[in-house]
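A closer look at the structure
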Amino acid sequence: MAEIFDASRNWDNALGAALATLKLAKPVVVPTETVYGLAADATNPEAITSIYEVKGRPRFNPLICHMADMAMAKHYAAFSPLAEKLAKAFWPGPLTLVLPLTPGGGIHELATAGLSTVGVRVPRGLAGDLIRAFGKPLAAPSANTSGKISPTTAQHVAEDLGDKVEVILDAGACGVGLESTIIKVDGDRLILLRPGGVAVEEIEAAAGQTVERGASHAAAIEAPGMLASHYAPGAAMRLGAKQVRDGEALINFGAQPIEDANIALANFDLSPRGDLHEAAANLFSMMKRADASGAATIAVAPIPMAGLGEAINDRLTRAAAPKT
Ligand code: TXA
Ligand code: MG
């Protein structure tokens, strides 16, 4: 059974347990500002393999490699001036950059699925402190069984993976609540591989250029973790709902008037005041709670596409896709 360490209150204890486990090439669960990650030594094939075993992921996908800071990132990945501009604007924070690997840098090819590029990001807070103490990058996907909703609390992780991991660091609910935005820096081009915790508009403003969207075909190959049925709850999902039907739970946004809301088996609002940041932070836990209500279908009110709404709608659309 996993031991849960209160990392906010007793950091030294939590850090000691995490470092000892990582040094044995085993994964530990680490809170980041986006979601909880299942983290292991990105330079060690045994450690990376154990991530796939714990998640029950059917095959190797490239993993995001988490760095303590820019200096560490530069040892493993090649930064163009454009990449450096984005890193300076958003790190530490929920932006992943896909960059050329530094030859011989040391990231194991199991972490990159043999690609010549690597996804790198510098997370905020405790995760960064852990990586600095460990001295090497940590490969980390979200800490959930493959295909399930990403965890935003230590309790979510314990319920799902509690018998498969030894150490869970608990730092409360994740502030952002959605995975990082993934941008491939390809020469002069910026290509969106996954919308996430930083709005694309903000990235365009910092870069002074357009981010190419809808690279869906290339993205499907390059970001194989982006399968349509990812993030699936047990219940069916009905998006853009303006009315509740029999047997449904409701997830509202911005206190919109929803017809027959009173018959919903469970009633949530991602952000009654219509704030997309608050909605992002609540999305996964409200999806889990709506699912746990036993409703056959979760009706979700329309969510605007601006800013973080793009990533929220992306996750909802995947959750609504037919399960494979
Ligand atoms: O917020 C996050 O990004 C979280 C936390 C734990 O940091 N991590 C996360 O990792 O969401 P994961 O494994 O669920 O998603 C990684 C995504 C996948 O879609 C993968 O295909 C893509 O990143 N990716 C990683 N390296 C890549 C590369 N070199 N080229 C293209 N896509 C890459
Ligand atoms: Mg994931």
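Here goes a summary of the coordinates provided.

Cut-off values and rules
- Residues numbered from 1 in each chain as written.
- Chains lettered and ligands numbered in written order.
- Predicted model: local features only at pLDDT ≥ 70, side-chain atom pairs only at ≥ 80, totals over all residues.
- Heavy atoms only, no water.
- 1 Å grid on protein atoms, 1.4 Å probe; cavity = no way out; pocket = protein on both sides within 12 Å on 5 of 7 lines; lining within 4 Å.
- Points joined across faces, edges and corners; volume = space filled by probe spheres on them.
- Helix = DSSP H or I, 4+ residues; strand = E, 2+ residues; numbered from the N terminus.
- Nonpolar A, V, L, I, M, F, W, Y, C, P; charged D, E, K, R; others polar.
- Core = buried A, V, L, I, M, F, W, Y, C linked by side-chain atoms within 4.5 Å.
- Buried < 20%, exposed > 50% of the residue type's maximum accessible area, 1.4 Å probe, protein only.
- Contact = heavy atoms within 4.5 Å.
- Pairing = 2+ DSSP bridges.

Side note on empty space enclosed by the protein
- Scanning the model with the defined rule gives three cavities of 30 Å³ or more in all.
- The volume enclosed by the second largest cavity comes to roughly 60 Å³.
- Lining the second largest cavity are Val30, Thr32, Gly37, Ala39, His66, Pro123, Ala127, Leu130, Ile131, Leu138 and Ala140.
- Residue assignment for the lining of the second largest cavity shows that the elements contributing at least two residues are β3 (36–41) and α6 (126–134).
- Of the residues that constitute the lining of the second largest cavity, the class distribution is eight nonpolar, three polar and no charged.

Some points on the nonpolar core
- Counting residues in each nonpolar core, the largest one holds 72 residues, and the members touching the most others are Leu97 and Leu130.
- For this core, the leading source of residues is helix α1 (residues 11–23), giving seven residues.
- Once residues lying within four places of it in the same chain are set aside, the contact partners of leucine 97 are Phe79, Ala83, Leu86, Ala87, Trp91, Val118, Gly119, Val120, Ile183 and Val185.
- Judged by nonpolar contacts, the second largest core, of 30 residues, contains Ala249, Leu270, Ala290 and Leu316.

Digging into the pairing of strand β6 (residues 117–121)
- Taking burial as the measure, the five residues of β6 include five buried ones, the bulk of the element.
- Across the two faces of β6 the burial is the same, with Thr117, Gly119 and Arg121 and Val118 and Val120 all buried.
- In the sheet, strand β4 (residues 64–66) pairs with β6 via three bridges, with the strands oriented parallel. Across the sheet, the residue bridging to cysteine 65 is valine 120, located in β6.
- Both strand β5 (residues 95–100) and β6 contribute to a ladder of four bridges, which runs antiparallel. In the strand pairing of β6, valine 98 is matched with glycine 119.

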